[in-house]
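# Notes for the structure review
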Amino acid sequence: MKIKRVTVKKNERGLLLRNGDFERVLQPGTHWLFDGIDQLRVETFALEQPAFAHGLADYLMAKEPGVVAAEFVRVELTETQVGLRSENGALVEVLAPGTRRLYWKGQVNVGVEVIDIAESAEVPSAVAARLVQTQMRQRAVAGLAGVLQVQVPEHGAGILWIDGKVDRLLAPGSYAFWKFNRNVTVEAVDLRLQAVEVTGQDILTRDKVGLRLNLSATWRYVDVLKAFTQLAKPAEHLYRELQFGLRAAVGTRTLDELLENKTVIDEVVTAHVAAKLTAYGIELDGVGVKDIVLPGEMKTILAQVVEAEKSAQANVIRRREETAATRSLLNTAKVMEGNPIALRMKELETLERVAERIDKISQRSCEAALSPAVPRYRAGGSSTRTTPWKPTTSTTRYPAACH
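Residues numbered from 1 in each chain as written. Predicted model: local features only at pLDDT ≥ 70, side-chain atom pairs only at ≥ 80, totals over all residues. Heavy atoms only, no water.

Over its 16 residues, helix H7 (residues 263–278) extends 23 Å from the first C-alpha to the last, a length consistent with the 22 Å expected when each residue adds 1.5 Å. Where H7 is concerned, the buried positions are Val264, Ile265, Asp266, Val269, Val273 and Leu277. Buried residues belonging to H7 abut strand E17 (210–221), helix H5 (234–251), helix H6 (255–260) and strand E18 (282–293). (Helix = DSSP H or I, 4+ residues; strand = E, 2+ residues; numbered from the N terminus. Expected span 1.5 Å × (residues − 1). Buried < 20%, exposed > 50% of the residue type's maximum accessible area, 1.4 Å probe, protein only. Contact = heavy atoms within 4.5 Å.)

Scored by pLDDT, the protein chain comes out at a mean of 83, with 85% of its residues at no less than 70. For the stretch residues 366–403, pLDDT sits under 50, and the model shows 34 contacts to residues farther than four places along the chain or on other chains. (pLDDT = per-residue confidence, 0-100.)

The strands that make up a sheet are held in pairs by hydrogen bonds between backbone atoms, and each pair lies either parallel or antiparallel. On the basis of which strands lie adjacent, the open sheet formed by three strands has the order E13-E12-E15 and antiparallel pairing. Each edge of the sheet is formed by a strand with only one pairing partner; in this case those strands are strand E13 (165–170) and strand E15 (184–190). Ignoring strand direction, the axes of neighbouring strands in this sheet form an average angle of 25°. When strand E12 (residues 156–162) meets E15, the two strands line up antiparallel, connected through seven bridges. Each bridged residue has a counterpart across the sheet, and for Ile162 the counterpart in E15 is Val184. (Pairing = 2+ DSSP bridges. Axes fitted to C-alpha atoms, helices over the stretch in contact; angles between N-to-C directions.)

Turning our eyes to something else, we now look at the nonpolar core. Leu242, Ile265 and Val269 are the most contacted members of the largest nonpolar core, which totals 33 residues. At the level of elements, E12, strand E16 (194–204), E17, helix H4 (224–230), H5, H6, H7 and E18 are the ones that each hand at least two residues to this core. Discounting residues that sit within four places of it in the chain, Ile265 has contacts with Leu213, Leu246, Ala249, Val250, Leu258, Val289 and Ile292. (Core = buried A, V, L, I, M, F, W, Y, C linked by side-chain atoms within 4.5 Å.)

As for its placement among the helices and strands, Glu93 is situated in strand E8 (residues 90–95). Of note is the side chain of Glu93, whose polar atom sits 2.9 Å from the side chain of Arg85. With near-sequence residues (within four places) excluded, Glu93 lies in contact with Gly83, Leu84, Arg85, Arg101, Tyr103, Val141 and Ala142. (Polar contact = N/O pair within 3.5 Å; in protein donor to acceptor, adjacent residues only side chain to side chain.)

Bridging between E16 and E17 involves nine bridges; their strand directions are antiparallel. Looking at the pairing, Asp202 lines up with Arg212 of E17. Where E16 folds back onto E17 in an antiparallel hairpin, the turn is made up of five residues, including Lys208, whose phi is positive at roughly 65°.

Right, dumping it as structure tokens:
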């Protein structure tokens, strides 16, 4: 026979086991234990950690209801229930359905709020508010993997899918949904005007000229539920319809038709696509061709054609001006033919224009000065030839006697 002394602190509880079986719970204080021929063992638990994670938990709940009621907070959830466990009034854990646990009473005030999730997957707004930004608290909330938290922006909407089916459309705001016992997803949709680029489309015209086109379009959702219930991926469907519309516009027209009226592509694509998208809750706002890229040899040919056209236009204009000038001269000649006064006025006008170009006019009276290069004859008929006279642009200086 042995006597064993065991001390349990005020912030502890003890579990007395005799031969491995539960005997009783030891309260704070000093205990004298007589083991006799049995083997006694005491396990102590700090009350700062209220969770009773022990192999005897299920036994105590099944066979010792009195002990459980006196010493523990008992939690038993069904498959359609969720528990919100709080310690001293602060939420610390989300308990999944089917949870069975015991928590020590005493130092920490443990409370569990049970919520039935069989009817609705949405978390009540009051509870959802307690689950927002929990990582910023002094103690994070455990078990949030079973909660889907969603925030829908002001310019968008959210499509709620439950078990693969569209449940409803979510307006802007914050939401939370239970993920237990169901598959819950939310797809965010932007309701603003969006742009799509259709680039690098190689298409043959009706006259077999290969073009590369880049198209830009703007669109928006007008009925989100209709779009996502009838189309798996609405944006991809829009892209394909724009491709088909572009090929319909280019493939049925020649290169000259497309170059003469560049807006015909926009008009044909818009008419082709807009009617088809209306049935799917999508609105096409605008379509525009950004680039039309020609092959290298076609660029050279078109440049030569343009050059020839401009040269022909220049020749036509030049001949038209020459004809007008000739006609004007002919009319002037006819007027002067029978009018001497008009002819004299024209002569004076011509002299005036000539005089405007003369800087200085000088007059000589000496024969030598007037004809410095004229040959002079000696007696007997011989002559002495000086250097031949040549016109010069310099001003001739004459003797004072010749002025």
